Amino acid sequence: MASSSQIPLAQLQPVFKEIVEHIFNRWTALRLAVEHGMGGPLGLNTAIEIINYITCYCTENKKVDSYDLREVMEEIMDQEFETICEDESVDEISDLLVKYLNMLKENKEDQVRLELARMGPCEIWIKSGNRIKMQSMDDSSGTDADDDDMDQDQDMDMESTPPATRSDMNPSPSTQGSTTQFLEEDVDPGWTQVRGRRRR
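Cut-offs used in this document
Residues numbered from 1 in each chain as written. Predicted model: local features only at pLDDT ≥ 70, side-chain atom pairs only at ≥ 80, totals over all residues. Heavy atoms only, no water. Helix = DSSP H or I, 4+ residues; strand = E, 2+ residues; numbered from the N terminus. Buried < 20%, exposed > 50% of the residue type's maximum accessible area, 1.4 Å probe, protein only. Contact = heavy atoms within 4.5 Å. Areas by Shrake-Rupley, 256 points an atom, 1.4 Å probe, with all protein chains shown as cover. Salt bridge = Lys/Arg side-chain N within 4 Å of Asp/Glu carboxyl O. Axes fitted to C-alpha atoms, helices over the stretch in contact; angles between N-to-C directions. Parallel < 35°, antiparallel > 145°, perpendicular 65-115°, else oblique. Nonpolar A, V, L, I, M, F, W, Y, C, P; charged D, E, K, R; others polar. Phe/Tyr/Trp six-rings, centres within 6.5 Å; stacked < 30°, edge-to-face > 60°. Polar contact = N/O pair within 3.5 Å; in protein donor to acceptor, adjacent residues only side chain to side chain. Core = buried A, V, L, I, M, F, W, Y, C linked by side-chain atoms within 4.5 Å. pLDDT = per-residue confidence, 0-100.

*Asks:* Account for the overall build of the chain, with residues named and values stated.
*Replies:* Scanning the chain from terminus to terminus reveals eight helices and two strands. Ordered by position from N to C terminus, the α and β elements of the chain give α-α-α-α-β-α-α-α-α-β. Residue burial in the chain is summarised as follows: out of 200 residues, 37% are buried. Here the analysis covers contacts within the chain between residues at least 6 apart in sequence; of these, 80% occur between residues at least 24 apart. For the chain, the accessible area works out to roughly 11900 Å², and carbon and sulfur atoms hold 47% of it.

Printed below as a string of structure tokens:
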């Protein structure tokens, strides 16, 4: 591969980010973790940040292989969502991302888009511009002073309140269409099993 055929980073990153978003929107394990509140009430924002991080990790490192990427993604799911994926989805996603990254670097963007189109449509539940803000979730006990405090804290997103304390007050998950029946405290020592086919 001649260096003259390399796509500049400024062009590579936005195109690859689209691909990461496309694949992450199909990742059932991540969606379940967000909807079940495993990442706290701002779990959707965390998912968006993961997309940004994976995009930078893949495009800014000279050599990325699927094994290293898999380890990074497993660590992120463990730390951010207290989730271990036992359905091999992390392996599959890592392989796809590395494959498409290499294709983009070889100027095969059209071929990548064709392959993505063959996957068929999916519901877009993560989009980089759709971050959620801190808000008092239909809790009418809040005062005007509380609302003023919330307005000041809105731009802080993740830093404003730790997920554990916020989820005790508002156990609602981050995305619309989800239920409030999944509380972190009900999960045996804070872990969730995405697919329980393999037993230890």
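*Asks:* Please set out the pattern of salt bridges residue by residue, giving values where relevant.
*Replies:* Overall, the coordinates contain eight salt bridges when judged by the stated rule. Notably, a salt bridge pairs Lys-99 with Glu-115, separated by 2.9 Å at the nearest N-O pair. You can see Lys-99 sitting in helix H5 (residues 89–105) and its partner Glu-115 sitting in helix H6 (residues 109–118), a full 16 residues away along the chain. Here Glu-115 falls in the buried class, since its relative accessible area comes to 16%. Between Glu-106 and Lys-108 there is a salt bridge whose closest N-O contact spans 3.1 Å. Several salt bridges share partner residues, and in doing so they unite Glu-18, Glu-109 and Arg-113 into one network.

*Asks:* A description of the packing of H5 against H6 should follow, citing residues and the corresponding values.
*Replies:* Contact geometry for H5 and H6: axes closest at 8 Å, N-to-C directions at 150 degrees. Relative to H6, the element H5 lies roughly antiparallel. Facing Lys-99, Tyr-100, Met-103 and Leu-104 of H5, the residues of H6 in contact are Glu-109, Gln-111, Val-112, Glu-115 and Leu-116. Grouping the amino acids of the contact of H5 with H6 by side-chain chemistry returns five nonpolar, one polar and three charged.

*Asks:* How would you explain unusual backbone geometry if you had to name every residue and give the values?
*Replies:* The backbone of Glu-88 shows a phi angle near 65 degrees, a positive value even though the residue is not glycine. Looking at where Glu-88 falls in the secondary structure, it is placed in the loop between strand S1 (83–84) and H5. For Glu-88, a relative accessible area of 59% puts it in the exposed group.

*Asks:* Could you give an account of the packing of aromatic side chains, with specific residues and numbers?
*Replies:* What the rule picks out here adds up to two aromatic pairs. Note on Phe-24 and Trp-27: the rings are 5.3 Å apart at their centroids and 75 degrees apart in plane angle, and the pair reads as edge-to-face. When its relative accessible area of 0% is taken as the criterion, Phe-24 is described as buried. Since its relative accessible area comes to 4%, Trp-27 is described here as buried.

*Asks:* I'd love a proper account of the side chain of Glu-115, names of residues and values included.
*Replies:* Within the local environment of Glu-115, its side chain forms a polar contact with the side chain of Lys-99, the two groups lying 2.9 Å apart. Glu-115 has contacts with Lys-99, Tyr-100 and Met-103, leaving out every residue within four places of it along the chain.

*Asks:* Which residues make up the nonpolar core, and what are the values?
*Replies:* Phe-24, Trp-27, Leu-30, Ile-54, Met-73, Leu-97 and Ile-126 are the most contacted members of the largest nonpolar core, which has 42 residues in total. Mapped onto this core, the elements with two or more residues apiece are helix H1 (9–24), helix H2 (28–35), helix H3 (43–60), helix H4 (66–81), H5 and H6. Among the elements that line this core, the one with the most residues is H5, at nine residues. Dropping the residues within four chain positions of it, Ile-54 is found in contact with Phe-16, Val-20, Phe-24, Leu-69, Val-72, Met-73, Ile-76 and Leu-97.

*Asks:* Would you mind going over the confidence of the model for the chain in detail, with residue names and values included?
*Replies:* Here the chain averages 74 in pLDDT, while 61% of its residues score no lower than 70. Across the chain, element-level confidence peaks in H5 with a mean pLDDT of 96 and bottoms out in helix H8 (residues 163–169) with 40. Note that pLDDT drops below 50 for residues 135–187; the model gives that stretch 59 contacts with residues more than four away or on any other chain. The model gives residues 195–200 a pLDDT under 50, and that stretch makes six contacts with residues more than four places away or in other chains.

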